Amino acid sequence: MRGRSKAFTLVELLIAVVISTLVVLALSSVYRAVQDVRKRFLDYEQSRKFYELVYLIQKQLMSCRDLKLENGTLSYYTTFGISAPYVMVMLRSEDHRIYYSESNPYDRAVVYIRREWRSPYELKLSLRTDGKALSLSYGANKLDLYINYNAVPTSNIFLKPF
């Protein structure tokens with residue numbers, strides 16, 4: 001009688017192939033699930049940042065002056081700046097990005113803060129015909145942000161250059 005061969009049998013090879021196929025299928029489904037959760041989290045995070053920006057703009061528009069919308073760029077003066085109590089704000093949107101900057105109202109070259117947000121939506125800005133609201137269109141939705149002109153304090157503390 002001959003000795004046993006040192007090779008794998010066909011049954012052993014088939015079992016190994018089936019087990020490795022099951023492992024690969026399980027790993028690919030876990031990978032897809034993780035990617036789906038990651039995508040939902042990133043979408044949520046972008047939406048949260050977008051709504052924080054909308055809240056900030058609404059707060060600033062409640063006390064603004066000299067609001068202008070020219071060539072897709074919104075500019076106004078407000079007392080609710082992130083970086084200083086009285087600032088000039090410039091806001092523009094292009095290619096699912098929102099650019100926000102605050103600068104010294106007396107010298108636009110002095111920029112206090114620049115921020116950029118990725119928006120999940122294409123954002124369009126327009127002033128209502130009565131001039132009392134800024135319309136923000138994103139996706140299929142539209143927000144009207146109401147404007148309170150000339151509510152900026154006129155005390156010397158805000159009118160002197162910094």
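Residues numbered from 1 in each chain as written. Predicted model: local features only at pLDDT ≥ 70, side-chain atom pairs only at ≥ 80, totals over all residues. Heavy atoms only, no water.

Chemist: How should I be thinking about the nonpolar core in this particular structure?
Modeler: Counting 24 residues, the largest nonpolar core has L61, Y76, L134 and L136 as the members making the most contacts within it. At the level of secondary structure, the elements contributing two or more residues to this core comprise α1 (10–61), β1 (64–70), β2 (73–78), β3 (87–94), β4 (97–104), β6 (123–127) and β7 (133–138). In this view, Y76 contacts I57, Q60, L61, C64, R65, D66, L67, V87, M88 and V89; residues no more than four positions away in its chain are not counted. (Core = buried A, V, L, I, M, F, W, Y, C linked by side-chain atoms within 4.5 Å. Buried < 20%, exposed > 50% of the residue type's maximum accessible area, 1.4 Å probe, protein only. Helix = DSSP H or I, 4+ residues; strand = E, 2+ residues; numbered from the N terminus. Contact = heavy atoms within 4.5 Å.)

Chemist: Can you help me understand unusual backbone geometry in this one?
Modeler: Most peptide bonds are trans, and most residues other than glycine sit at a negative phi. One non-glycine residue, D95, adopts positive backbone phi at about 50°. As for its position among the elements, D95 is in the loop between β3 and β4. A relative accessible area of 62% means that D95 is categorised as exposed. Even without a glycine there, the phi angle at H96 is positive, about 60°. Structurally, the position occupied by H96 is in the loop between β3 and β4. Owing to a relative accessible area of 36%, H96 belongs among the partly exposed residues under this scheme.

Chemist: Please explain the environment of G139 as it appears in this structure.
Modeler: As for its position among the elements, G139 is in the loop between β7 and β8 (141–146). Under the relative-accessibility criterion, G139 is labelled exposed at 64%. Residues G139 and L123, spaced 16 residues apart in sequence, show a C-alpha to C-alpha distance of 7.4 Å. If we skip the residues at most four places from it in the chain, G139 touches Y121 and E122.

Chemist: What should I look at first to understand the sheet that holds β6 in this one?
Modeler: Two pairing modes exist for strands in a sheet, parallel and antiparallel, and in both the strands are linked by backbone hydrogen bonds. As summarised here, the arrangement of the three strands in space is β6-β7-β8, forming an open sheet in which the pairing is antiparallel. Every interior strand has two partners, whereas the edge strands, β6 and β8, have only one. On average, each strand axis in the sheet is tilted by 20° relative to the strand beside it, whichever way the strands run. Pairing of β7 with β8, which is carried by six bridges, proceeds in the antiparallel orientation. When the sheet's bridge partners are listed, L136 is paired in β8 with L143. Here α1 sits on the sheet in contact with β6, β7 and β8, set at roughly 30° to β8. (Pairing = 2+ DSSP bridges. Axes fitted to C-alpha atoms, helices over the stretch in contact; angles between N-to-C directions.)

Chemist: Explanation requested: the pairing of β1 in the structure shown.
Modeler: Successive side chains on a regular strand alternate, one facing one side of the sheet and the next facing the other. Of the pairings in the sheet, the one linking β1 to β2 comprises five bridges and is antiparallel in character. Paired with R65 across the strands is Y77, a residue of β2. Where β1 folds back on β2, the antiparallel hairpin that results is connected by two residues, among which N71 adopts a positive phi of roughly 55°.

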